[in-house]
Each structure stands twice: as C-alpha cells, then as structure tokens.
Amino acid sequence: MSKTLSFKTYSAKPAEVERKWYVIDAEDQVLGRMAAEIARILRGKHKPQFTPHIDTGDFIVVTNAEKVALSGKKIEYKTYFHHSNYPGGGKFDHVKDLLKKKPEKVIEHAVWGMLPHNNLGRQLFKKLKVYAGSEHPHASQCPVELKVN
C-alpha cells in the first residue's frame, strides 16, 4: 500500500484579487531601481496569491516624475529611438529633453520595458498613473505612501 500526497496548486481568480493603491514619490529616486519595484508591484509578485497569467497587481501613482534621478552619465547620453515606418523616419529623443517636455514618458518607458509585452502587460500598464508634479487626482482611493530605496 503506497501513500501518496496530493496537493492542489492555488490559482487566483480575477474576482478574488484585492487591489490596493500606492503612491511613490520619484524625487531623487534612481529610475531603473524604482521602475523595477513598480513593475513588481504592478505584476503582483509581492503577494502570496501571485498567478502568472492573472492580473494580481496593485495600482501605482507616481508623483514628481520631473525630479527622477539617473545614475552615471545617462542624463547626457541616454536616448530613446522610435521610427515612423517611413524611409528615413528614425527619431532619437534624448532623455534630458524628454525630462523637460514630458517627464512622465521617461518613467512609463522604463516600467513598460519590465512588464510582459502581451495583453496582460497592457492591462497591467493601465494601472500605472504618472504625474510630473506633486499633485494627483487619486486622493479618494486613499493611496498608501510606498518607500522605494
């Protein structure tokens, strides 16, 4: 007579997921380290009921995007490339210029690169709210201050 153990793997259901709201102050935070932590929370990997194919993550509000820090000499040399799909349509945006014009895009681009590039990733990305200044319109959700080191 053999004894067998049978365990069922827990899989979270979308209706069972409890979502929280977090606020991150990006002032003097290193971009890559902060983006990695944001992607981890958006994905839900900090929760014990994490399921890879289900959106188990929380909402993130990032303030002071214009004051984010980049390590090394990236502020001078880092560029973003995109193409218009026309011949000769390649464009380069320098991070220094982008921080002046659209500081939200720098953080969004860094976080998007750390999320899955599929339907789930697009769904996760919608839970990220980035604002250039210190004000945000999500006070009614009672977001919790989150320290990122």
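Read on for a plain summary of the structure. (Residues numbered from 1 in each chain as written. Predicted model: local features only at pLDDT ≥ 70, side-chain atom pairs only at ≥ 80, totals over all residues. Heavy atoms only, no water.)

Further remarks concern the packing of aromatic side chains. In total, this model carries three aromatic pairs according to the counting rule given. Ring geometry for Phe-81 against Phe-92: centres 5.0 Å apart, planes inclined by 50 degrees, an arrangement best described as tilted. Here the residue Phe-81 occupies a position in strand β3 (residues 79-83), and Phe-92 occupies one in strand β4 (residues 90-94), the gap between them amounting to 11 residues. You'll find Phe-81 and Phe-92 in the same group, each marked exposed. Consider the rings of Trp-112 and Phe-125, whose centres lie 5.6 Å apart with planes at 70 degrees: the pair is edge-to-face. Of this pair, Trp-112 sits in helix α4 (residues 103-112) while Phe-125 sits in helix α5 (residues 119-125), placing them 13 residues apart in sequence. (Phe/Tyr/Trp six-rings, centres within 6.5 Å; stacked < 30°, edge-to-face > 60°. Helix = DSSP H or I, 4+ residues; strand = E, 2+ residues; numbered from the N terminus. Buried < 20%, exposed > 50% of the residue type's maximum accessible area, 1.4 Å probe, protein only.)

α4 packs onto helix α1 (residues 31-43) with a crossing angle of 60 degrees between their chain directions and a minimal axis gap of 8 Å. When the axis of α1 is compared with that of α4, the two are oblique. Taken as a pair, α1 and α4 cross one another with a handedness that is right-handed. Here α1 contributes Leu-31, Met-34, Ala-35, Ile-38 and Leu-42 to the contact with α4, which in turn contributes Val-106, Ile-107, Ala-110 and Val-111. Here the residues of the contact of α1 with α4 are counted per class, giving nine nonpolar, no polar and no charged. (Axes fitted to C-alpha atoms, helices over the stretch in contact; angles between N-to-C directions. Parallel < 35°, antiparallel > 145°, perpendicular 65-115°, else oblique. Left-handed = near helix turned anticlockwise from the far one by under 90°. Contact = heavy atoms within 4.5 Å. Nonpolar A, V, L, I, M, F, W, Y, C, P; charged D, E, K, R; others polar.)

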